[in-house]
Every structure is written in C-alpha cells, then in structure tokens.
Amino acid sequence: MKYSGLAQEFHQLLRSVDRISAGQAAVCDWGEAPLTFGVHIVPKDGLYRNGRFTFKFSLHDQYPQYPPRVVCLTNIYHPNIDTVDEYEGEICLSLLDEWQPTFTLEDVIIGLLFLLYHPNLEEPLSPFFEPCMKYEEFAEKVHLSLQGGVVEDYVFQRNQVDEKEPVAMVTRSANQEPVAMVTRLANQEPVAMVTKVTNQEPVAMVTSVTNQEPVAIVKSKGREQCGRLDVLNLR
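Small disclaimer: the values here were computed from a predicted structure and weren't measured.

1. Quick look at the overall build of the chain
- Along the chain, the regular secondary structure elements total 4 helices and 14 strands.
- Split into buried and exposed, the 235 residues of the chain put 49% on the buried side.
- Put simply, of all contacts in the chain between residues at least 6 apart along the chain, 51% involve residues at least 24 apart.

2. Considering the pattern of salt bridges
- As enumerated under the stated definition, the model contains 2 salt bridges in all.
- Residue Lys141 is joined to Glu137 by a salt bridge in which the shortest nitrogen-to-oxygen separation is 2.9 Å. Taken together, the positions of Lys141 and Glu137, both in helix H4 (residues 135–146) and 4 residues apart, correspond to about one turn of that helix.
- Judged by relative accessible area, Glu137 falls into the partly exposed class, the value being 35%.
- Among the salt bridges present, the one from Glu152 reaches Lys141, with a minimum N-O distance of 2.5 Å. Of this pair, Glu152 sits in the loop between strand S7 (150–151) and strand S8 (154–155) while Lys141 is found in helix H4, placing the two residues 11 residues apart along the sequence.
- Each member of the salt-bridge network shares a partner with another, and the members are Glu137, Lys141 and Glu152.

3. A look at the packing of aromatic side chains
- Applying the stated criterion to the full structure yields 15 aromatic pairs.
- A ring pair is formed by Tyr77 and Phe128, whose centres lie 5.6 Å apart and whose planes are at 40°; its orientation type is tilted. In this pair, Tyr77 is assigned in the loop between strand S4 (69–72) and strand S5 (81–82) and Phe128 in the loop between helix H3 (105–117) and H4, connecting sequence segments 51 residues apart.
- Owing to a relative accessible area of 12%, Phe128 belongs among the buried residues under this scheme.

4. Topic: the environment of Tyr63
- Tracing the backbone through its elements, the reader meets Tyr63 in the loop between strand S3 (53–58) and S4.
- Tyr63 sits in the buried class, given a relative accessible area of 2%.
- Once the C-alpha coordinates of Tyr63 and Pro101 are considered, the two residues, 38 residues apart in sequence, prove to be 7.8 Å apart.
- A polar contact of 2.7 Å, which involves the side chain of Tyr63, links it to the side chain of Glu9.

5. Details of the confidence of the model for the chain
- Looking at the chain, the pLDDT average stands at 76 and 66% of residues meet or exceed 70.
- By mean pLDDT, the top-scoring element of the chain is H3 (97), and the lowest-scoring one is strand S11 (residues 192–195) (37).

6. Digging into the nonpolar core
- By size, the foremost hydrophobic cluster in this structure holds 44 residues, and its most contacted members are Phe37, Phe55, Phe57, Tyr77, Ile91 and Leu112.
- Among the elements that line this core, the one with the most residues is H3, at 8 residues.

7. Some thoughts on the packing of helix H1 (residues 6–20) against H3
- Where H1 meets H3, the axes come as close as 9 Å, and the angle between the chain directions of the two elements is 35°. For the element pair H1 and H3, the recorded crossing hand is right-handed. On H3, the residues touching Glu9, Gln12, Leu13, Ser16, Val17 and Ile20 of H1 are Leu105, Glu106, Ile109 and Ile110.
- Counted by class, the contact of H1 with H3 contains 6 nonpolar, 2 polar and 2 charged residues.

8. Some points on H3
- For H3, which comprises 13 residues, the first-to-last C-alpha distance of 19 Å matches the rise-based estimate of 18 Å (1.5 Å per residue) to within 8%.
- Most of H3 sits out of view: 13 of its 13 residues are buried.

Rules and cut-offs
Residues numbered from 1 in each chain as written. Predicted model: local features only at pLDDT ≥ 70, side-chain atom pairs only at ≥ 80, totals over all residues. Heavy atoms only, no water. Helix = DSSP H or I, 4+ residues; strand = E, 2+ residues; numbered from the N terminus. Buried < 20%, exposed > 50% of the residue type's maximum accessible area, 1.4 Å probe, protein only. Contact = heavy atoms within 4.5 Å. Salt bridge = Lys/Arg side-chain N within 4 Å of Asp/Glu carboxyl O. Phe/Tyr/Trp six-rings, centres within 6.5 Å; stacked < 30°, edge-to-face > 60°. Polar contact = N/O pair within 3.5 Å; in protein donor to acceptor, adjacent residues only side chain to side chain. pLDDT = per-residue confidence, 0-100. Core = buried A, V, L, I, M, F, W, Y, C linked by side-chain atoms within 4.5 Å. Axes fitted to C-alpha atoms, helices over the stretch in contact; angles between N-to-C directions. Left-handed = near helix turned anticlockwise from the far one by under 90°. Nonpolar A, V, L, I, M, F, W, Y, C, P; charged D, E, K, R; others polar. Expected span 1.5 Å × (residues − 1).

This is the structure in structure tokens:
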C-alpha cells in the first residue's frame with residue numbers, strides 16, 4: 001500500500017533541507033509524484049569542501065516500510081562510496097541497511113553529510129582503498145581528485161564550487177519552474193555545525209547554532225562492514 005504521508009513528508013523536506021543541512025544540501029529534479037528525486041550536497045568544510053555531489057533517491061512503492069535506494073551520481077574518491085566500479089554509485093550507510101519505518105528522508109540526508117565529513121578508511125567499499133591507507137595519503141588524493149587530477153589511474157573531473165556561487169538551486173523536473181533558490185554562499189556562517197564530543201561518545205553531533213535542539217547524533221560502529229554508521233536519537 002502506498003504511503004499516504006509521502007507528499008507531506010516530501011514537502012516538509014523541501015522546507016527543512018536548508019536548515020537541517022546548514023545550507024549544504026538542496027533537493028532537485030522531482031516530479032508530481034516524488035518517488036524519484038535528487039539531492040545536491042556541497043560540504044562547507046572537511047576534505048570534500050566546496051565539492052558538489054549529487055545523490056539520486058528512489059523510493060519503494062511501499063516506503064517507508066522499505067528504505068529508499070540512494071546512489072551517488074558524481075564520481076568521488078571516497079572509501080564508502082563506489083562510483084567507478086560495477087556498483088553504480090553504491091553507498092555504504094547502515095541507516096539504509098538497518099532501516100526502520102520511523103526513519104525519514106531528512107535522516108538520510110544527515111547521514112550522507114556525515115559520510116562526507118567522516119569517511120571511514122578502516123572498512124572501505126570502493127576498490128581504490130586498502131584498510132592500511134594512511135590518512136595523510138588519503139587527504140592528498142581527495143584534494144587531487146577534486147582538482148581534476150588522476151588518482152589510482154582514474155581521471156576525475158574537476159569538482160569545486162566557487163564560494164561566490166549559490167550552494168544549490170532547488171528545481172523541479174519536467175521543465176517546471178524553480179520553486180526556490182538557496183542563496184546562502186559557501187563562505188557564510190552555517191545554520192548548524194558538526195562538532196566532536198569526548199570520552200568515546202558519538203563521533204559527531206549536528207547541532208543548531210541558534211540554541212535549538214540537536215538535529216541528530218551519529219556514531220561510528222568501528223570496524224564493522226564498510227564503515228557502517230548508526231544514526232541515533234533522530235526523533
């Protein structure tokens with residue numbers, strides 16, 4: 001049976017995506033029945049800073065009983081995203097593998113942001129990586145890939161957004177008019193920030209800087225398969 005609240009959840013996502021992502025994500029390319037749509041993510045910090053990465057969401061007709069299928073359409077040098085092998089942009093995110101009907105599209109976008117800020121080298125999915133790779137070597141290769149260099153015999157296209165350019169435009173598909181423009185620039189202050197906590201607690205917390213409640217807490221599960229992540233206390 002089709003999820004009766006899909007339209008409501010999707011329109012809530014359109015309204016909230018800028019806030020929950022600190023201006024780093026925007027929804028694009030959806031139709032009247034949003035079973036398929038895209039999400040642009042432009043990290044403001046970290047190794048992938050100012051790269052634009054597009055993810056395609058495909059919703060099962062029994063969503064949210066089944067998780068969305070999410071693939072990365074942008075070639076990326078990332079241990080937990082495989083865009084150059086036979087997996088067609090497969091993403092290793094335990095939120096999707098261990099899906100619960102209470103999870104939402106907002107939660108998935110937060111998980112993708114965490115994956116870009118905290119790549120896990122210990123259990124790679126991509127064939128580019130070995131578990132023994134040093135972080136310094138990895139960081140150099142990420143930088144080279146974003147500049148359009150050759151990494152592991154693979155030619156990456158340059159992927160850097162000008163900081164004066166709007167992070168993203170929110171558009172509909174099928175030649176419909178844009179419904180909104182995200183005008184926050186990459187060098188402006190974020191609405192939210194990613195912070196680390198101490199004492200072996202969750203690795204990162206996405207919080208508002210306007211004295212609001214945390215959006216989500218995300219914790220690494222260590223050396224489990226593909227660097228899997230848990231998203232805790234989402235609601």
